[in-house]
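So the chains spell out like this:
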Amino acid sequence: MTAGLGESAQRKEWEDGVHSVVSLNSKRRYRRFNIHSCFDIYPDEGVGRDLAGLASGGEVDRSFRPGWILSPSPQIRWSRRHGAAGRKHEMIDLYTDSSPNGFKATIALEELALPYRLHHVKIDDGAHRQPEFLALNPHGRIPVISDADTGVTLFESAAILLYLADKTGRLLPQGTKARWEAVKWLQFHAASMGPLLGQRVHFEMFAEEKLPAAIERYRRLTEEAFSTLDARLTDVSWLAGDEYSIADIATFGWTHIAAICGFSFAHHRNLLRWHERVADRPAVQRGIALPAPATGP
Ligand SMILES: N[C@@H](CCC(=O)N[C@@H](CS)C(=O)NCC(=O)O)C(=O)O
């Protein structure tokens, strides 16, 4: 399930660092992030479309599905040449799109400098509903990783973050108390923040019928989540305490999109300061640009 280039030719390109980031078509639609489809009620649009005509450049993974693109960042090329975390890892395949849940995976992989192949699953074109993708995630959602090192294939961004932390021994504190703080805030994000922001985006920005009760409900619930995070960050730098962790990465995936959508949390001073600290990290800046930056609805 790798590129049509053939493994050795492809590996050579990666090692030489010449396999540059692809550009697809310049349609605005492509550059748009996919938060409108980050929850279960998104209609099953675009399935079965011929995607081949959409790609105008770069390396297309034709053995898998036209339109799925390999686009290593400089970090990937660096880690391919120099190895990561003291040992050589096999490539991780990441299947993703430019979206809040997808950015969690790209940020974590960039932070950890693990070698990975990035497959662009274009949600707008229905690539996530194709049989090849459903074989990886029967629920038809990105992100998904598949790790040749271990044979593990995973969907659900929080599970992916836990897996990457477990694999490398990084981004999750060692001490029992801080470790469980990290897991708690990761779960808070996965269950009580991300899905609510997804609903808010839908009802405020995409729903054809503007339903005041639904808009008010998700504003209130996401505002509550922001307040809870703000209180947590009163006297600690990171959600787990002293250490930056996968809890911060998960939460940032959505605060990044909230900011782009104009869902202001500037009145939560601790949360805002934390958001800016995370945004300043070079690996985060790379992660939110893969496979393309989010530009808003
Ligand atoms: N709980 C999942 C949510 C995954 C999810 O909803 N991903 C969105 C993109 S952010 C998606 O694939 N949407 C496609 C669809 O809903 O059809 C996770 O955290 O990974």
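Residues numbered from 1 in each chain as written. Predicted model: local features only at pLDDT ≥ 70, side-chain atom pairs only at ≥ 80, totals over all residues. Heavy atoms only, no water.

Turning next to the packing of aromatic side chains. Counted under the stated rule, the structure contains four aromatic pairs. Relative to Phe188, the ring of Trp185 lies with its centre 5.3 Å away and its plane at 70°, an arrangement referred to as edge-to-face. With a gap of three residues between them, Trp185 and Phe188 both fall in helix α7 (residues 176–192), about one helical turn apart. Exposure remark for Trp185: the relative accessible area of 10% places this residue in the buried category. Considering the side-chain rings of Phe226 and Phe265, the 5.4 Å spacing of their centres and the 50° angle between planes classify their relative orientation as tilted. Of this pair, Phe226 sits in helix α9 (residues 212–232) while Phe265 sits in the loop between α10 (246–261) and α11 (269–279); the two residues are 39 residues apart in sequence, bridging distant segments of the chain. (Phe/Tyr/Trp six-rings, centres within 6.5 Å; stacked < 30°, edge-to-face > 60°. Helix = DSSP H or I, 4+ residues; strand = E, 2+ residues; numbered from the N terminus. Buried < 20%, exposed > 50% of the residue type's maximum accessible area, 1.4 Å probe, protein only.)

With that out of the way, let us pick up unusual backbone geometry. For the bond from Ile142 to Pro143, the omega torsion is 0°, close enough to zero to count as cis. Mapping Pro143 onto the fold places it in the loop between α5 (131–134) and β3 (144–147). For Glu156, which is not a glycine, the phi torsion comes out positive at approximately 80°. Examined against the element boundaries, Glu156 turns out to sit in the loop between β4 (152–155) and α6 (157–168). Residue Glu156 is classed as exposed on the basis of its relative accessible area of 51%. A positive phi angle, near 65°, is found at Leu171, a position not held by glycine. The topology assignment puts Leu171 in the loop between α6 and α7.

As summarised here, the arrangement of the four strands in space is β2-β1-β3-β4, forming an open sheet in which the pairing is mixed. Where the open sheet ends on each side, the last strands, each with one partner, are β2 (116–120) and β4. On average, each strand axis in the sheet is inclined to that of its neighbour by 15°, with strand direction left out of account. Sheet topology places strand β1 (residues 92–96) next to β3; four bridges connect them, and they run antiparallel. Each bridged residue has a counterpart across the sheet, and for Tyr95 the counterpart in β3 is Val144. The strands that α6 touches are β1, β3 and β4; relative to β4, the one it contacts most, it runs at about 140°. (Pairing = 2+ DSSP bridges. Axes fitted to C-alpha atoms, helices over the stretch in contact; angles between N-to-C directions. Contact = heavy atoms within 4.5 Å.)

Below, the discussion takes up the confidence of the model for the chain. Within the chain, residue pLDDT values average 78, and 70% of them lie at 70 or more. Below a pLDDT of 50 lies the segment residues 1–85, which in the model reaches 196 contacts outside its immediate sequence neighbourhood of four places, other chains included. (pLDDT = per-residue confidence, 0-100.)

Scanning the model with the defined rule gives 11 salt bridges in all. Salt bridges here are not isolated pairs; linked through shared partners, they connect Asp147, Asp149 and Lys167. (Salt bridge = Lys/Arg side-chain N within 4 Å of Asp/Glu carboxyl O.)

Before going further, it helps to spend a moment on the packing of α7 against α10. Relative to each other, α7 and α10 sit at 20°, their axes nearing to 8 Å. In terms of orientation, α7 lies roughly parallel with respect to α10. Every pair of crossing elements has a handedness; the one defined by α7 and α10 is left-handed. Contacts between α7 and α10 involve Ala182, Trp185, Leu186 and His189 on the former and, on the latter, Ile246, Ala247, Ala250, Thr251 and Trp254. Broken down by class, the residue content of the contact of α7 with α10 amounts to seven nonpolar, two polar and no charged. (Parallel < 35°, antiparallel > 145°, perpendicular 65-115°, else oblique. Left-handed = near helix turned anticlockwise from the far one by under 90°. Nonpolar A, V, L, I, M, F, W, Y, C, P; charged D, E, K, R; others polar.)

Next up on the list: the pairing of β4. In terms of strand pairing, β3 meets β4 through four bridges, oriented antiparallel. Opposite Asp147, over in β4, you have Val152 as the bridge partner. Remark: four residues form the turn of the hairpin made by β3 and β4, two consecutive strands paired antiparallel; Gly151 in that turn has positive phi of roughly 80°.

Attention now goes to the side chain of Glu111. With respect to the secondary-structure elements, Glu111 resides in helix α4 (residues 100–112). Beyond its immediate chain neighbours, meaning those up to four positions away, Glu111 contacts Arg170, Leu171, Tyr244, Ile249, Arg281, Ala283 and Val284.

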